[in-house]
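Observations on chain architecture
Spelled out from the first residue to the last, the chains are:
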Amino acid sequence: MGLWDRVRQALGGRRPEAGDVSAYWVYVRCGKCGETIRTRVDLRNDLSPQEEGEGYFTHKTLIGRKRCFNPVEVYLYFDANRQLIERVIEGGSFIEAADYHED
Ligand SMILES: [Zn+2]
């Protein structure tokens, strides 16, 4: 049995992508050029406690891979159970995963 098999067994036999429950994917469209961008938020490592009250927040700056360097600022707010409760975006708009195109 190889090392990777042992690691997988230690993880309960799940495929890594199936076990990625701590990920929250953000899909946006750049407000300047229309490029779609996505980023992965790690709900275990990327969230910071809010300064007031319970819950967490994170801030991501997304920049497309093309020549447009317009930053898209994303602010995500989560409750104490790390469930998304509010999201704010500047420089672009939120889209659905189905609208994301890697081109
Ligand atoms: Zn752009």
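From a predicted model like this one, the values you see are computed outputs, not experimental measurements. (Residues numbered from 1 in each chain as written. Predicted model: local features only at pLDDT ≥ 70, side-chain atom pairs only at ≥ 80, totals over all residues.)

Description of unusual backbone geometry
In the Ramachandran plot, Arg82 falls in the positive-phi region, its phi being about 60° despite a non-glycine side chain. Among the secondary structure elements, Arg82 is positioned in the loop between β5 (72–78) and β6 (84–90). On the basis of neighbour count, Arg82 is assigned to the partly exposed category, with 13 C-beta atoms found within 10 Å. (Helix = DSSP H or I, 4+ residues; strand = E, 2+ residues; numbered from the N terminus. Buried ≥ 20, exposed ≤ 12 C-beta atoms within 10 Å, placed from the backbone.)

Some thoughts on the nonpolar core
Across soluble globular proteins, nonpolar side chains show a tendency to be buried alongside one another. By size, the foremost hydrophobic cluster in this structure holds 9 residues: Val26, Val28, Cys30, Ile37, Leu62, Val72, Val74, Leu76 and Phe78. Where this core is concerned, the elements lending two or more residues are β1 (23–30) and β5. Tallying contributions element by element places β5 first for this core, with 4 residues. Not counting residues up to four positions away in its chain, the partners in contact with Phe78 are Leu47, Gly55, Tyr56, Phe57, Gln83, Leu84 and Ile85. (Core = buried A, V, L, I, M, F, W, Y, C linked by C-beta atoms within 7 Å. Contact = placed C-beta atoms within 7 Å.)

Let's talk about the sheet that holds strand β3 (residues 48–49)
Pairing is antiparallel in the open sheet, where 4 strands are placed in the order β3-β4-β5-β6. With partners counted over all chains shown, the strands left at the sheet margins are β3 and β6, one partner each. Both strand β4 (residues 56–62) and β5 contribute to a ladder of 7 bridges, which runs antiparallel. Bridge pairing in β5 places His59 opposite Tyr75. (Pairing = 2+ DSSP bridges.)

Let's talk about the environment of His101
Of note, His101 is situated in the segment after β7 (92–94). You can call His101 exposed: it has 9 C-beta atoms within 10 Å. For His101 and Tyr27, which are 74 residues apart along the polypeptide, the C-alpha to C-alpha distance reads 10.0 Å.

Observations regarding the sheet that holds β1
Strand order across the open sheet formed by 3 strands is β2-β1-β7, with antiparallel pairing between neighbours. In this open sheet, the two edge strands, each paired with only one partner strand, are β2 (36–42) and β7. For this sheet the average axis-to-axis angle between neighbouring strands, irrespective of direction, equals 35°. Relative to β7, β1 runs antiparallel, the two being bridged by 3 bridges. Across the sheet, Val28 pairs through a bridge with Phe94, a residue of β7. (Axes fitted to C-alpha atoms, helices over the stretch in contact; angles between N-to-C directions.)

Comments concerning the confidence of the model for the protein
Scored by pLDDT, the protein comes out at a mean of 86, with 81% of its residues at no less than 70. Confidence, read as mean pLDDT per element, is least for helix α1 (residues 3–10) in the protein (58) and greatest for β7 (98). (pLDDT = per-residue confidence, 0-100.)

Section: the pairing of β6
Counting buried residues along β6, only 0 of its 7 residues qualify, which leaves the element largely exposed. Of the strand pairs in this sheet, β5 and β6 are connected by 6 bridges, and their pairing is antiparallel. Within β6, the residue paired with Phe78 across the bridge is Leu84. Taken together, β5 and the strand that follows it, β6, pair antiparallel across an intervening segment of 5 residues, in which Arg82 is found at a positive phi of about 60°.

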